[in-house]
Amino acid sequence: MLEMMRKNALTLALFALACTALVAVTHQLTRHTIVEQEQAQLLRVLDELLPEDSHDEPLFEHCVMLGNEQFLGSSEPLPVFTAVKNGQPQGYAIEAVAPDGYSGEIKLVVGVNTDGSLSGVRVLNHNETPGLGDKIELKKSAWVLGFNGKSLLGEDDMRWAVRADGGQFDAFTGATITPRAVVKAVRKVLLLVSQQPHLLTQAPACGETL
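Before going into details, it helps to say that this report is about the structure given with it. (Residues numbered from 1 in each chain as written. Predicted model: local features only at pLDDT ≥ 70, side-chain atom pairs only at ≥ 80, totals over all residues. Heavy atoms only, no water.)

### What about the layout of surface pockets?
If you roll a probe as big as a water molecule over the atoms, it shows you where there is empty space left.
Thought 1: Reported here for the second largest pocket is a volume of approximately 260 Å³.
Thought 2: Taken together, the elements giving at least two residues each to the lining of the second largest pocket come down to α1 (2–49) and β5 (118–125).
Thought 3: Classifying every residue of the lining of the second largest pocket by side-chain character gives four nonpolar, three polar and five charged. (1 Å grid on protein atoms, 1.4 Å probe; cavity = no way out; pocket = protein on both sides within 12 Å on 5 of 7 lines; lining within 4 Å. Points joined across faces, edges and corners; volume = space filled by probe spheres on them. Helix = DSSP H or I, 4+ residues; strand = E, 2+ residues; numbered from the N terminus. Nonpolar A, V, L, I, M, F, W, Y, C, P; charged D, E, K, R; others polar.)

Here it is as C-alpha cells:
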C-alpha cells in the first residue's frame, strides 16, 4: 500500500510538472505571437498615417521614445516616428494612451502633419464593449476617420469634445465614454505638437531604450 501511494504521488508530481511546463511554453509562444501581431499592425498603421511618399528615409531611423504622461496619457515611454523627406520633417506618428476608456486603456497612434493638422488616428489596442465601444476601430466603423484633417486652435478650442459635451465629434448610442476618451487623448497629442514640438525629436532614440 505504501509503495502504491509513493507511485501515485510521483505520478501526480510528474503530471503537475508537465502541466506547468506546458503552460509556460504555451504562454511564451502566445506572447511571441501577440508581439508579432502588434508589430505587424503598427507597420500597417504607420503606412496609413505616414505613407511612403511622405518620407525618403526609414521611419525607424527617426524614432524616439517619449515619456510624458501629461500629453501621452502613460507614464511609460511611447514611440514617436517622424517622416523626413529631403532632410525636413513632414509629419509624425505618435503613440498615445487614452487612460479613461470605458473598459480601461485605449492605445492609439495619432498622425500629425507639420502644419498641426491630423493625418489620421488609429486604434492599436483596447478592451471596449463589442458592438458599442469597439466602433472606434476602423474595421468596425468609419468613426475614427472623422479626425482626418482636423486641427486644434488652442487649449480653449471647444470643438474638441463629443457632441453631448458641446463639441464636434459624434458619440455612439449607449457608449459616450469611449469616444470621449479618444477625443480627449487626441486633443492632448495636438497640444504636445503645438506647445512642446522639441520633445518629438529630442527624446532618446528608440534603440537606446531597449
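### What about the state of the cysteines?
Thought 1: Counted under the stated rule, the structure contains one disulfide.
Thought 2: A sulfur-sulfur distance of 1.7 Å marks the disulfide that ties C63 to C206. The sign of the S-S torsion, about -60°, decides the handedness of the disulfide formed by C63 and C206: left-handed. Of this pair, C63 sits in strand β1 (residues 63–66) while C206 sits in the segment after α4 (199–202), and the two are 143 residues apart along the sequence. The two residues C63 and C206 agree in class, both being buried. (Disulfide = S-S within 2.5 Å. Buried < 20%, exposed > 50% of the residue type's maximum accessible area, 1.4 Å probe, protein only.)

### Some words on the nonpolar core
Thought 1: Counting residues in hydrophobic clusters, the biggest one holds 40 residues, and the most contacted among them are I94, F147, W160 and V186.
Thought 2: Of all elements in the fold, only β1, α2 (69–72), β2 (78–85), β3 (88–101), β4 (104–113), β5 and α3 (177–195) reach the threshold of two or more residues within this core.
Thought 3: Take this core: its biggest share by element is 10 residues, from α3.
Thought 4: Membership of the second largest hydrophobic core comes to 14 residues, among which are V45, F81, A93 and V109. (Core = buried A, V, L, I, M, F, W, Y, C linked by side-chain atoms within 4.5 Å.)

### Some remarks on the pattern of salt bridges
Thought 1: For the structure on display, the rule yields eight salt bridges.
Thought 2: Between D157 and R159 there is a salt bridge, with the nearest N and O atoms lying 2.7 Å from each other. (Salt bridge = Lys/Arg side-chain N within 4 Å of Asp/Glu carboxyl O.)

### Here's the deal with empty space enclosed by the protein
Thought 1: For the coordinates displayed, the defined rule picks out one cavity of 30 Å³ or more.
Thought 2: The calculated volume of the largest cavity comes to roughly 30 Å³.
Thought 3: The wall of the largest cavity is formed by F71, L72, G73, A96, V97, P99, A185 and K188.
Thought 4: Broken down by secondary-structure element, the contributors of at least two residues to the lining of the largest cavity are α2, β3 and α3.

In short, shape yes, function no, at least from these values alone.
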